[in-house]
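# Structural overview
This is what each chain is made of:
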2 protein chains.
Amino acid sequence: MDRRKFIGASALAGSIAFAAPVPEKPAAQAPPPDVTRILAKYLVAAELKDIPDPVRKEGARTLLNWVGCAIGGSRNEATEIAVSAMHPFFGSEQASLLGRKERPDIFNAALINGISSHVLDFDDTHLRTIIHPAGPVVSAILAMAEYQPVSGADFLHAMILGVEAECRIGNAVYPAHYDAGWHITGTTGVFGAAAAAGKLLALNEQQMIWALSLAAAQPVGLREMFGTMTKSFHPGRAAQNGLTAAFFALQNFSSSDHGIEAKSGWANVLSTTRDYKEITDHLGDSFEILQNTYKPFACGIVIHPTIDGCIQLRNENHLTADQIDRIDLKVHPLVLELTGKKTPQTGLEGKFSVYHAAAAAIVEGAAGERQFSNGTVNNGTIVALRSKVTAVVDPSINEDQVRITVTLKDGRKLEKYVGHAVGSVTNPMSDKALEAKFSGLAEGILPSEKIRSTVELCWNIEMLAAVEPLARSAAL
Amino acid sequence: MDRRKFIGASALAGSIAFAAPVPEKPAAQAPPPDVTRILAKYLVAAELKDIPDPVRKEGARTLLNWVGCAIGGSRNEATEIAVSAMHPFFGSEQASLLGRKERPDIFNAALINGISSHVLDFDDTHLRTIIHPAGPVVSAILAMAEYQPVSGADFLHAMILGVEAECRIGNAVYPAHYDAGWHITGTTGVFGAAAAAGKLLALNEQQMIWALSLAAAQPVGLREMFGTMTKSFHPGRAAQNGLTAAFFALQNFSSSDHGIEAKSGWANVLSTTRDYKEITDHLGDSFEILQNTYKPFACGIVIHPTIDGCIQLRNENHLTADQIDRIDLKVHPLVLELTGKKTPQTGLEGKFSVYHAAAAAIVEGAAGERQFSNGTVNNGTIVALRSKVTAVVDPSINEDQVRITVTLKDGRKLEKYVGHAVGSVTNPMSDKALEAKFSGLAEGILPSEKIRSTVELCWNIEMLAAVEPLARSAAL
């Protein structure tokens, strides 16, 4: 008698977790691979020494960018409401709220930091799926790192693995899942948070399987909520749900062994298409965090080329507003469709004005949250300069391109063509630009010595004996 | 100029909230009615004086049954794990865990009581949708009632409205939503909890709309988790999510105005079919809680007729095991398919043995959790009697029927035909039977004076100046 028949597919698949499954039947009839177990097995067995240097480096960049966004969003109305609503229910003082002084239990910290980090829509983006990967993952484990000692190396590793889990699951169902109406950051983020928290809790394989399935049962976020505070609630709640999944699984709270791939599991119920190979293939050989990108500017991506070009022109030519006679932009059609507001009155309206964005970029050399404040939008110099900006659609210009001509009062013409705006995978923000973005977000919220120390702790994350000082440094 | 064109559909629909919408276009092209607003408007405006007496009475019955189940499940392994996992993160001592001594913050109380109340699968059932309505709703508001003073009348009203919201939303998408793989108790329960908690917080119309949309963004539960502890996690998490939605909305945390019916809203994303009339029609004129049912026996519904008949025979004839020569059952085919285990060894196996269930019902006159314990399944008298039980399939017997013949040693034959097993809408459990079920669940967990006082407080819910004593009475 062939005993293997009685071991079951799960156990067998476990032993070949790193090999591509070899289908015995035609694909249409084959049962799905043991996806949840394969992923769990990888997460449990993974070791930091096997993570290549560029992946670790990108992890530090993702961390720095995320911490800055969480600090920058810490005084937003949505964040204030979340703190105020949950304050009476906080547990003991376990974890920091970035940019703030309150110290809730780790679950409320994960929720509120998650909201804070996404509320400006300035956090990182996995462009293939439009997932904002760090929010759910880092909100969960940064809070954990204040509750139990976690080394920077373990933290970085857990973060990389959490991003890996959520983005792979996102890859498997994108775009059908997103098109159906799910806010993919919240629905996949819960897996990322569970995986990362589970790694820090040293879950065994069965526990990690259950953590992933507990995550599968708690998807968060509908696209209908875009444009409301609830959008930023999604990554915060996903962080909390993933944390819950990990802590329950640690105590052997049982769940399905097939939460992702079962007939009534996550991928079938929440998507009309799915490609499990995106989850199971090349685990440990490819890293989704290498596809992570950071927004250099605090506005919609269509005017990023214009801002990028204007800042370059300013810096290369030491431009000041009073030298300028006119600014002519040749832009992609979407630019005027989405951001054609000529005379914005508020900071928010400024985000929908390519004219304001160009003028502010020339005058201030930046386009952070401050450049989209009510004050800057009504700054006399910038208002005067924006009236000198014209923009025309040029069908030969792509979405990440712009052609800028600045005509000076002395008759000179300065030209700038941007082929790939900064912030894409092709033309990523430099470390220095990430630092400047961080400072722009944190200034006025954290004292300057805390800004400096937080940046340094993020860059040195892998060397830290404990991560708690980083969280403390980023809070008041 | 017709100014009404500029008011927008939302405002107009608000003014005709209680009338059926009059479609101006063919149904296929008509936009959905303003479902979220119509439901919110009803919830906000509803007054207890308009709730008919039988509805209030059913509310008290639902409450009594739910409290008993939560106490009965309070020592279950899933509940113990939940307490143990969350204990380090409890906030201040705000609310009771039924059947236990710990006092967490209201959010953790809602989670854990929700788990505890469903873990025996013995709680109430809205048969049309298979929703277990009380779990998410009562877990949320009973915790709230210990945090802020709530009168029994307001509590009962909020509970009835919460059940109304979740069951109507369930009616709108059942069975497609359930068939797709969602655990409908968790996915609709979050609306019920948000509605009930929102009512107690006296949300205004806009806030109630946002609470419902915040609920829409947090569905919980996949059917894949059935058979694991995660199933009971679903109503607990739904309670917590609904509570979060209500407390956030109270502080004007914004969300969609159309979370239920929008293109990327709950009903479109989570179901392939939907009938909004189930939500919007006859609000205030019909009450779903009248369709709520209570399980008399702690096992699968297919052997309920057998147990019902055996208990009747026992009580009518003062039967004892030593009088009996044989017991012959004519049953529906599913009975032997699902519960044909002849020699169960454990309490859990006993739930899958019609032979054990019949014998225990004759000997002990009940079929609660105790009758499905390891001890009772191995009780000598019951083991001896169960060997005298035979069961044959009779195709003329329906699922809620049985034909029983007990042959006594003195030659007499006692016959019992059960046409509708107790516990259905047609043949509901009596108040006395609900009390007995409660006692069976609570004995050994609560002292007898607490059992008596809790039953009394549940029956008198509408008269209570405050609900807190009820929660205290049901805890240690």
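Remember, predicted model here, so these are calculated numbers, not experimental data. (Residues numbered from 1 in each chain as written. Chains lettered and ligands numbered in written order. Predicted model: local features only at pLDDT ≥ 70, side-chain atom pairs only at ≥ 80, totals over all residues.)

## With respect to the pairing of strand 6 (residues 413-418) of chain B
All names here are of chain B. The test is simple: Strands were regarded as paired on the criterion that DSSP finds at least two bridges between them. Secondary structure elements are taken from DSSP: a helix is a run of H or I of four residues or more, a strand is a run of E of two residues or more, and numbering for both begins at the N terminus.
Bridge analysis of strand 5 (residues 402-408) against strand 6 gives six bridges, and the strand direction is antiparallel. Across the sheet, the residue bridging to Arg403 is Tyr417, located in strand 6. Hairpin remark: strand 5 followed by strand 6, antiparallel, with four residues in the connecting loop; positive phi at Gly411, about 95°.

## Notes on the domain arrangement of chain A
To be explicit about the condition: Residue ranges assigned to each domain were obtained from an automatic or database domain assignment.
Assigned domains of chain A: these are domain 1 (35-294 + 441-473) and domain 2 (301-418). Centre-to-centre, using C-alpha coordinates, domain 1 of chain A lies 35 Å away from domain 2 of chain A.

## Observations concerning the nonpolar core
Proteins that are soluble and globular tend to have nonpolar side chains buried together. Applicable threshold: A set of buried residues drawn from Ala, Val, Leu, Ile, Met, Phe, Trp, Tyr and Cys, joined through C-beta atoms within 7 Å, is what defines a nonpolar core. Three exposure classes are used. Buried residues have 20 or more other C-beta atoms within 10 Å of their own C-beta, exposed residues have 12 or fewer, and partly exposed residues fall in between, all C-beta atoms being placed from the backbone. The contact criterion used here is simple: two residues whose C-beta atoms, placed from the backbone, lie within 7 Å are in contact.
Ranked by size, the top nonpolar core spans 316 residues in total, and within it Ile141(A), Ala194(A), Leu212(A), Ile141(B), Ala194(B) and Leu212(B) carry the most contacts. Excluding its chain neighbours within four sequence positions, the residues that come into contact with Leu212(A) are Thr36(A), Leu39(A), Ala40(A), Phe191(A), Ala194(A), Ala195(A), Gly259(A) and Ile260(A).

## Points about the sheet that holds strand 5 (residues 402-408) of chain A
Residue and element names in this part refer to chain A. Under the convention used in this document: Every axis in this analysis is a line fitted to C-alpha atoms, fitted for helices over the stretch in contact. Angles between the N-to-C directions lie between 0 and 180 degrees.
Pairing is mixed in the open sheet, where four strands are placed in the order 4-3-5-6. Looking at strand neighbours, the two that pair on one side only are strand 4 (389-393) and strand 6 (413-418), the edges of this open sheet. For this sheet, the mean angle separating the axes of adjacent strands, direction not counted, is 15°. Here helix 14 (residues 304-317) sits on the sheet in contact with strand 3 (324-331), strand 5 and strand 6, set at roughly 135° to strand 6.

## Concerning helix 18 (residues 354-364) of chain B
Residues and elements named next belong to chain B. Burial within helix 18 is extensive, with 10 of its 11 residues counted as buried. Taken together, the buried positions of helix 18 are occupied by Val354, Tyr355, His356, Ala357, Ala358, Ala359, Ala360, Ala361, Ile362 and Val363. Positioned one or two residues after helix 18, Gly365 has a phi angle of 70°, which is positive.

## Considerations on the interface of chain B and chain A
For clarity, the cut-off: Three classes are used, and their members are as follows: Ala, Val, Leu, Ile, Met, Phe, Trp, Tyr, Cys and Pro are nonpolar, Asp, Glu, Lys and Arg are charged, and the others, Gly among them, are polar.
At the interface, 46 residues of chain B touch 46 residues of chain A. Taken together, the elements giving at least two residues each to the side of chain B that touches chain A come down to helix 5 (77-86), helix 6 (106-118), helix 11 (205-216), helix 12 (230-250) and helix 13 (266-270) of chain B. With five residues, helix 12 of chain B is the single largest residue contributor to the side of chain B that touches chain A. Class assignment for the residues of the side of chain B that touches chain A results in 23 nonpolar, 19 polar and four charged.

## Here we look at the relation of the copies chain B and chain A
Both copies of the chain are tied together by a single rotation about an axis and a shift running along it. Inclusion rule: Here the copies were fitted onto each other by least squares, based on C-alpha atoms from residues at pLDDT of at least 70 in both.
When chain B is fitted onto chain A, the two copies agree to an RMSD of 0.1 Å after a turn of 180° and an axial shift of 0.0 Å. Such a combination of rotation and displacement between the chain copies is what one expects of a two-fold axis. Of every C-alpha in chain B, the one belonging to Gly91(B) sits nearest the axis of rotation, 1.7 Å from it. Mapped onto chain A, 100% of the interface residues of chain B are again interface residues, and the two copies thus contact each other with one and the same surface.

## Re the packing of helix 14 of chain A against helix 17 (residues 354-364) of chain A
All names here are of chain A. Inclusion rule: Between 65 and 115 degrees an angle is taken as roughly perpendicular, under 35 as roughly parallel, over 145 as roughly antiparallel, and anywhere else as oblique. By definition, any crossing whose near helix is turned counterclockwise from its far helix by less than a right angle is left-handed, and any crossing with a clockwise turn is right-handed.
In contact at an axis separation of 8 Å, helix 14 and helix 17 are set at 25° when each is read in the N-to-C sense. Between helix 14 and helix 17, the angle is such that the two are roughly parallel. Note that helix 14 runs across helix 17; the crossing there is right-handed. Facing helix 14, whose interface residues are Thr306, Ile307, Cys310, Ile311 and Arg314, helix 17 presents Val354, Ala357, Ala358, Ala361 and Ile362. The residue makeup of the contact of helix 14 with helix 17, split by class, is eight nonpolar, one polar and one charged.

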